[in-house]
Amino acid sequence: MDRLGRDGRAMVTALVSLCCLGTAAQAQAVEVHNMRLWSAPDHVRLVFDMSGPVNANIFTLDGPDRVVIDLDSTDLDFDVDKLDLDDSAISKVRTGVRESGGLRVVLDVNRPVAPKSFTLPPNEQYSDRLVVDLDYPGASAVKDPIDPIEAMIRDQEIAAQRAQKEAVAEGKPEQAEVVASAVEAQPHPKRDIIIAVDPGHGGEDPGAIGPHGTREKDVVLDIARKVKQRFDQTPGFKAFLTRDGDYYIGLRQRTLIARQQKADFFVSVHADAVRSSQPSGSSVYALSQGGATSETARWLAASENQSDLIGGVDGNLSLDDKDEVLRGVLLDLTMTATMNDSLATGGQVIDQLGRINKLHKSSVEQAGFVVLKSPDIPSLLVETGFISNPREEAQLKSSAHQAKLAQAIYEGIVAHFRQHPPPSSLLAWQRDQGRGGASNEYRVQRGDSLSQVAASHNISMKALKQANGLDSDILRVGQVLTIP
Ligand SMILES: [Zn+2]
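Quick caveat, the model's predicted, so the values are computed rather than measured.

Spatially, β3-β4-β7-β6 is the arrangement adopted by the four strands of the open sheet, whose pairing is antiparallel. Two strands close off the open sheet at either side, each with one partner strand: β3 (56–61) and β6 (90–97). Across this sheet, the average inter-strand angle for adjacent strands is 15°, counted without regard to direction.

Laid out in structure tokens, this is it:
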């Protein structure tokens, strides 16, 4: 048996070699065995899964707009009608065999697109791939981009903060005071605080996968959408998602989107996984000192960042007009303030998560994650739970549990901003009203009494009642009093 078998195998091997030699010329044909499509607000990505590497020639035609993808010596073994084209610029995919051999794929598109492509070698999960990205010129990376007026207010605030930091860095604190009071003198913009909610992974990157097949990229998108919804329901806040669908965004790109949208805060939502099914609970990460130091060095050193900015766009915090030492001090000041804000907010988020879920670690951990590296935007990464733990995997899929996690993240961040509102925000204005600050109005807070309000404004109860036409001493929370 053994001997026969061995001989048989040898013969088959010989035949295969012969046949391969005989057809060497045509044997190079590569097969497209699958195609995948990921649709984002500003581009669509089409991935060809191939049996080997391929040469591609890609060009566009207009009237009507089309993209042509020519693949040398390639056969198609995939039904293109299976592609879900919804939400993408591609309205139809057509294919044909070229006379010279090879495959032509034509994408009918409903808007002008700018194609770019690259190939990827095989990895554990996939074979050779050709990736074609069709960018939409002028499109925003987020579905609901920042309003131009809000953006302008934010730019002004960032410029003022920069001037203050510069005054401090140059050792002129009096100047910082002048800048601060000049900003306060303008009519209050009462702007929204902008929160970037970043669902981890997406597209070809599924993130961690649970024992029952739950994908991290799906559950974190659900949770992130709930976080956004909570902020959008809250006066004084507005949130956007860095990813609102199943597509991939690079890590640096996520922080870039946050900067373009002038985010006050960035929170990345993930789910943990380890080999063991035992570990469970939530954890919260802020940037580590090591990560901050290396990032500061990167910003200072990288010449490609000359046009890049710290603290805003359009030259607000471009550092190239400053000498080396001042740039370093300025960056350190910015980075330190950002890290302190991140850690303080992380503490609030941990506190809230601890009320609804087991904590994997009871204090904020620090790591050098790339998405946490914005020098000027306080940032957190929340590992909501262990998708590798079967019980937590089930919880992460439950809408009710997702809502609790979202609420905890939201509450923690809101608590921080209520204590430290940015100067031009509605929250800052409300706080100043509460203190009876610059305005001659006062909004009644919980626990206030008429005598307290009168005393804190150095007026008599009688004068206060007269000015507001009150005939009793009873106040309602939220009632606005004129201070005579
Ligand atoms: Zn993750």
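So, next bit.
Moving on: the pattern of salt bridges. Scanning all chains against the criterion turns up 25 salt bridges. Between Asp 135 and Lys 116 there is a salt bridge whose closest N-O contact spans 2.8 Å. Of this pair, Asp 135 sits in strand β9 (residues 128–135) while Lys 116 sits in strand β8 (residues 114–120); the two residues are 19 residues apart in sequence, bridging distant segments of the chain. A salt bridge links Arg 191 to Glu 157; its shortest N-O distance comes to 2.6 Å. Residue Arg 191 is located in the loop between α3 (173–185) and β10 (193–199), and its partner Glu 157 is located in helix α2 (residues 148–169); the two are separated by 34 residues in the primary sequence. Taken as a pair, Arg 191 and Glu 157 share a single burial class, namely buried. Linked by salt bridges that have partners in common, Asp 70, Asp 72, Arg 98 and Arg 104 make up one network.

For strand β13 (residues 283–287), the tally of buried residues reaches five of five residues, placing the bulk of the element in the interior. Direction of pairing for β13 relative to strand β15 (residues 379–386): antiparallel, over a ladder of three bridges. Residue pairing for β15: Ser 283 is matched across the bridge by Glu 383. Two strands pair when backbone bridges link them, and β13 and strand β14 (residues 365–367) are joined in this way by three bridges, in the parallel orientation. By the bridge assignment for β14, Leu 287 is matched with Ala 367.

Cis geometry marks the peptide bond from Gly 63 to Pro 64; its omega dihedral reads -5°. Along the chain, Pro 64 falls in the loop between β3 and β4 (66–71). Backbone geometry at Ser 73 places phi at a positive 40°, although glycine is not the residue there. Topologically, Ser 73 is positioned in the loop between β4 and β5 (74–76). Although it is not a glycine, His 201 adopts a positive phi angle of roughly 60°. Within the secondary structure layout, His 201 lies in the loop between β10 and α4 (216–232).

This next bit is on the packing of aromatic side chains. Scanning the model with the defined rule gives five aromatic pairs in all. Between Phe 231 and Tyr 410, the aromatic rings sit 5.0 Å apart at their centres with planes inclined by 70°, giving edge-to-face as the arrangement. Note that Phe 231 is positioned in helix α4 and Tyr 410 in helix α9 (residues 399–419), a separation of 179 residues in sequence. In this pair, the class of Phe 231 matches that of Tyr 410, namely buried. Aromatic side chains Tyr 285 and Phe 369 sit 5.1 Å apart centroid to centroid with 75° between the ring planes, which places their arrangement in the edge-to-face category. One end of the pair, Tyr 285, is in strand β13; the other, Phe 369, is in the loop between β14 and β15, and 84 residues separate them in sequence. Residue Tyr 285 is classed as buried on the basis of its relative accessible area, which comes to 15%. Here the aromatic residues Phe 231, Phe 237, Phe 265, Tyr 410 and Phe 417 are joined through ring pairs into a cluster of three or more.

Rules used throughout
- Residues numbered from 1 in each chain as written.
- Predicted model: local features only at pLDDT ≥ 70, side-chain atom pairs only at ≥ 80, totals over all residues.
- Heavy atoms only, no water.
- Pairing = 2+ DSSP bridges.
- Helix = DSSP H or I, 4+ residues; strand = E, 2+ residues; numbered from the N terminus.
- Axes fitted to C-alpha atoms, helices over the stretch in contact; angles between N-to-C directions.
- Salt bridge = Lys/Arg side-chain N within 4 Å of Asp/Glu carboxyl O.
- Buried < 20%, exposed > 50% of the residue type's maximum accessible area, 1.4 Å probe, protein only.
- Phe/Tyr/Trp six-rings, centres within 6.5 Å; stacked < 30°, edge-to-face > 60°.

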